[in-house]
Every structure is written in structure tokens, then in C-alpha cells.
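# Inside the fold
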Amino acid sequence: MYDVSYNYIPLTRVDQQVSQEAGVAINSPILFDLLNSLSQDAHHEILDICPASQGVIDAFSHYDCKLYLPGCVNALCEMTAEEYDTANSLYRAFTRALGLTKKQNAALNVILLWDLPNYLDKGIMRGLIDYLSHHMHENVKLHFYIHSQQHMPATPASYTILPEGKVWLENRSETTVKSPLYFQEALLTLFQPFKVKRSMLLASGLKEYILALE
């Protein structure tokens, strides 16, 4: 496990009595296809940038794996290319946020960014991919959601995995901002050298993506 102290968050059950205001359960077929494709015999290293949740911990509990759970969404969203205008300052900032160091020699094969790419400065997003490239397995899979509507919540949502094969999404903002509306061509530039392996428009209005290096 990631060497930090964190609290396990009790899982919220989804039923008809849970209001939309509290959160919503969404289908995420590409994510669950990815999880189901992971070998039970191999060792996996998984990075989830959201704070630790019981649902994510439970979802990976039956795998031989190491979970990195830095809970760094806010720290990453606060970063700007103007403030971190050199490669060294950007690298140090990512190390503080994610806790990955050269000595760890991490080999991530699953990276869960959820809806973070919608909120990061493009320069920061490119820098994050470059930073993570030093900690990736060659067969790494990168998963995230892109907002497809003109407006999106002003801050990233919180996400966890439900035992019934859905994702629990809670918006943390009552206000909205304009979405970057990334199309696939822009994503290929932003996430180079990753390639889009699958994408799907979900009923929730999110577009789900999985990327790989080849």
C-alpha cells in the first residue's frame, strides 16, 4: 500500500432512496472491462489520484497489487504553468503531490485519473504525463472521463467503485464552468505518446476513455 495514513471511507449503498444531490451511480463499461481483464496471477501497480475510498480498496483487494492513493486532486488542480515554469520545479511539485520518487521505481500498469484531465492546465497535464512516464509499466492503461456538455461542475467530482459494478460519482461543486470539450485529436496531443484504445459516450454525459502506449 501507499505509505501514508488515510481513512477508509464507508461505502454508500445505491438504492432508490439515495438522492441525486448526494451522488449518482453511473455505468462505466470500459473501466469494468479493464478491471475484469487484469490477471489474477500477475502483480499489479495501480495509481488512483482520488482520496482513498473503501470501494476502490475492495475492488482491488483480490488482486496481488500495490495501490498508490495520494489523494492529490486539489493539489494538482491548483498548479499553473506560470508558477511551475521549469521542468525541475514541475517535477518537484508532482513528487510532493503524488509521492512517487526515483528510488521507488514504480511500474504502474493502471492509472485512474477520473475527470481530472478536464480541470488541469494543459501544460500541467502534459507535464503530469511526462512525470508518470518514469513510473509506468510498458503495458500501462490510462482511464479517465471527459465532459461532453458545454458546462461542467466547477471542481472535479469524487469517485469510487461500487460492488454492483457501477461507479459512484459525487459532485463537490454547486457551480459550473465551461468545459474544455476535448475531442479525440486534442487528447492524442495532450496525452502523447498514449493512443486511444476505446472510448464511449455514457448516459451520464461523460465520455469514457482508456488509453495505452501501443
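About the cut-offs
- Residues numbered from 1 in each chain as written.
- Predicted model: local features only at pLDDT ≥ 70, side-chain atom pairs only at ≥ 80, totals over all residues.
- Heavy atoms only, no water.
- Buried < 20%, exposed > 50% of the residue type's maximum accessible area, 1.4 Å probe, protein only.
- Helix = DSSP H or I, 4+ residues; strand = E, 2+ residues; numbered from the N terminus.
- Pairing = 2+ DSSP bridges.
- Phe/Tyr/Trp six-rings, centres within 6.5 Å; stacked < 30°, edge-to-face > 60°.

## Considerations on the pairing of strand 11 (residues 206–212)
Burial of strand 11 is extensive: six of the seven residues sit out of reach of the surface. Pairing of strand 5 (residues 136–147) with strand 11, which is carried by seven bridges, proceeds in the antiparallel orientation. Paired with His143 across the strands is Ile210, a residue of strand 11. Bridge count between strand 10 (residues 195–201) and strand 11: six bridges; the pairing is antiparallel. Counted as the bridge partner of Arg198 is Ile210 from strand 11.

## Structural notes on the packing of aromatic side chains
For any two aromatic rings, the description comes down to two numbers: the centre-to-centre distance and the angle of the planes. Across all of its chains, the model carries eight aromatic pairs by this definition. Their ring planes at 50° and their centres at 6.2 Å tell us that Phe60 and Tyr63 sit as a pair that is tilted. By relative accessible area, which is 10% here, Tyr63 ends up buried. On the numbers, 5.5 Å between centres and 40° between planes, the contact of Phe94 with Tyr131 is tilted. Of the two residues, Phe94 is situated in helix 4 (residues 87–98) and Tyr131 in helix 5 (residues 122–132); the sequence distance between them amounts to 37 residues. Assigned by exposure class, Phe94 and Tyr131 land together as buried.

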